[in-house]
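Breakdown of the fold
As a plain string of letters, each chain reads:
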Amino acid sequence: MTVKTLTLHGRRIRLHEHLPSSGASDEAIVLLHGIAGSAETWAPVLDRCAALGRRVLAPDLPGHGESEAPRADYGLGAMAATVRDILALSGVRHATVVGHSLGGGIALQFAYQFPEMCDRLVLVAGAGLGREVSPVLRATALPGAPAVLALAVNRVTLALARAVARAAGRIAGPRTPETRELARHFGSLADPARRRAFLVIARSLIDLRGQRASAADKLYLAEAVPMLLVWGARDPLIPVSHAHRTAALLPDSRLTVLENVKHFPHVADPDRFCVLLNEFVTGTAPARLTLDDVVTRLTAANRAS
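Report follows, based on the coordinates. The structure displayed is predicted, hence computed values, not measured ones.

Turning our attention to the overall build of the protein chain. Counting secondary structure elements, the protein chain contains 13 helices and ten strands. The C-alpha radius of gyration of the protein chain comes to 19 Å, within 12% of the 19 Å expected for a compact globule of 305 residues. Overall, the C-alpha framework of the protein chain stretches about 55 × 50 × 45 Å when taken along its three principal axes. Burial status across the protein chain gives 49% buried among its 305 residues. Across the protein chain, the fraction of contacts at a sequence separation of at least 24, relative to all contacts at a separation of at least 6, is 78%. Here the protein chain holds 35 positive side-chain charges and 27 negative ones, and the gap between their average locations is 7 Å.

Moving on, we get to the sheet that holds strand β9 (residues 227-232). Pairing is mixed across the open sheet formed by eight strands, whose spatial order is β1-β2-β4-β3-β5-β6-β9-β10. Pairing within the sheet leaves two strands with one partner each, and these edge strands are β1 (2-8) and β10 (254-258). Neighbour-to-neighbour, the strand axes of the sheet open up by a mean angle of 20°, direction not taken into account. Looking at chain direction, strand β2 (residues 11-18) and strand β4 (residues 56-59) are connected through four bridges and run antiparallel. When the bridges of β4 are listed, Glu 17 appears paired with Leu 57. Relative to the sheet, helix α3 (residues 76-89) contacts β1, β2, β3 (27-32), β4 and β5 (94-100), its axis offset from that of β1 by approximately 115°. Packed on one face of the sheet, helix α10 (residues 241-249) meets β9 and β10 and runs near 160° to β9.

Next up on the list: the packing of aromatic side chains. Enumeration according to the criterion identifies two aromatic pairs in this entry. Judged by centre distance (6.2 Å) and plane angle (40°), the ring pair of Trp 42 and Phe 273 falls under tilted. Here Trp 42 is found in the loop between β3 and α1 (43-46), whereas its partner Phe 273 is found in helix α12 (residues 270-283), with 231 residues between them in sequence. Assigned by exposure class, Trp 42 and Phe 273 land together as buried. Measuring from centroid to centroid gives 5.5 Å for Phe 110 and Phe 114, while their planes differ by 55°, and the two rings are tilted. A relative accessible area of 10% places Phe 114 in the buried class.

Mapped onto the secondary structure, Thr 82 falls in helix α3. With relative accessibility at 14%, the residue Thr 82 sits in the buried group. Separated by 222 residues in sequence, Thr 82 and Ala 304 have C-alpha atoms that sit 34 Å apart. Sequence-distant contacts of Thr 82, that is, excluding residues within four places in its chain, are made with Leu 8 and Pro 62.

This next bit is on α10. Here α10 has its buried residues at His 242, Ala 243, Thr 246 and Ala 247. Across the axial projection of α10, the buried residues extend over an arc of 130°, all falling on one side. In this structure, the buried side of α10 is in contact with β8 (210-211), β9 and β10.

If you look at the biggest cluster of nonpolar residues, it comprises 63 residues, and the most contacted ones within it are Leu 87, Val 97, Phe 110 and Leu 121. Non-local contacts of Leu 121, meaning those with residues more than four positions away in its chain, are made with Val 97, Ala 107, Leu 108, Ala 111, Val 225, Pro 226, Met 227, Leu 228 and Phe 280.

To continue, consider the packing of α3 against helix α4 (residues 102-113). At their nearest, the axes of α3 and α4 sit 8 Å apart, and the two run at 75° to each other. In terms of axis orientation, α3 runs roughly perpendicular to α4. For the pair formed by α3 and α4, the contact residues are Leu 76, Gly 77, Met 79, Ala 80, Ala 81, Val 83, Arg 84 and Leu 87 on the first element and Leu 102, Gly 105, Ile 106, Gln 109, Phe 110 and Gln 113 on the second. The residue makeup of the contact of α3 with α4, split by class, is nine nonpolar, four polar and one charged.

Bringing the side chain of His 242 into the picture now. For His 242, the position within the fold is in helix α10. Accessibility expressed as a relative area gives 0% for His 242, which makes it buried. With residues up to four places along the chain from it excluded, the contact list for His 242 reads Leu 129, Gly 130, Arg 131, Glu 132, Gln 211 and Trp 231.

What follows covers the pattern of salt bridges. Summed over the entire model, instances satisfying the criterion amount to eleven salt bridges. Its salt-bridge partner being Arg 48, residue Asp 271 comes within 2.6 Å of it at the nearest N-O pair. Remark: Arg 48 occurs in the loop between α1 and α2 (49-52) and Asp 271 occurs in helix α12; sequence separation between them is 223 residues. Its relative accessible area of 46% is what places Asp 271 among the partly exposed residues. Asp 85 is paired through a salt bridge with Arg 84; the nearest N and O atoms lie 2.6 Å apart. On the basis of relative accessibility, which here comes to 29%, the residue Arg 84 falls in the partly exposed class. One connected set of salt bridges, linked through shared partners, spans Lys 4, Glu 17 and Arg 55.

About the criteria used
Residues numbered from 1 in each chain as written. Predicted model: local features only at pLDDT ≥ 70, side-chain atom pairs only at ≥ 80, totals over all residues. Heavy atoms only, no water. Helix = DSSP H or I, 4+ residues; strand = E, 2+ residues; numbered from the N terminus. Rg over C-alpha atoms; globule rule 2.2 N^0.38 Å. Buried < 20%, exposed > 50% of the residue type's maximum accessible area, 1.4 Å probe, protein only. Contact = heavy atoms within 4.5 Å. Lys, Arg positive; Asp, Glu negative; His and termini not counted. Charge placed at Lys NZ, Arg CZ, Asp CG, Glu CD. Pairing = 2+ DSSP bridges. Axes fitted to C-alpha atoms, helices over the stretch in contact; angles between N-to-C directions. Phe/Tyr/Trp six-rings, centres within 6.5 Å; stacked < 30°, edge-to-face > 60°. Arc of directions from axis to C-beta. Core = buried A, V, L, I, M, F, W, Y, C linked by side-chain atoms within 4.5 Å. Parallel < 35°, antiparallel > 145°, perpendicular 65-115°, else oblique. Nonpolar A, V, L, I, M, F, W, Y, C, P; charged D, E, K, R; others polar. Salt bridge = Lys/Arg side-chain N within 4 Å of Asp/Glu carboxyl O.

On their own, these measurements won't tell you what the molecule is for.
Right, here's the structure in full:
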């Protein structure tokens, strides 16, 4: 696995890449992390990529990880375009797009904007499939949220939290992988630029009633794209009911719900996740849609309405 930096429209994008022994190809699996996350969330999966035998790309999205965090457009459309540009710079023309949480919403938007590049979709506790979302995320829409977040998460409070966690670990034992991953996401907000990006993204997608963005009315355009849904049965941030509703709308999709797993299935059980991903990729044919295919579906839906 290699880590490199791309320059995209004058800004730095950090990219983690796994190349199989056969070398690069124009097909790949691209892994998109969630809000306040980074490509590091996929580390347990990337470590197992040799068994997949496929090229895998995992970028730090703008405003996250080691990529730049400019004052810029962090909407789903802009993020999907960034993914397209990363793939293009990497010589990739077709990809299985795997998205966790916010990354799932970006994956859906990517399939909508660039259907000719989207071979398959894998949504891991994905955003954009229903209104319900954690009250903590809804609270980002409150007027005082930026000030509260700056007071709650900074270098001082982060150092204190780590000290408390170490002490608790000595008493109660080590934290679970999912708890450590959630803490890492939360800790990234101590950086002012990443905290600003987090708030811009959250407020563009979520209000006090829940998620504003929904792909439900456009899912028929993705009927020909093989889709895998992977969710934790105990997800407290985005409920598993979203996965069940989506699977009902797309009967040809695959749904796996992992018991005793919360919001990070790929971290909680990376072995199982990689088996699911490998079975899905090897057991389905890529969509390879054209603009004509999209026009046909749009026209048919318009006539039926």
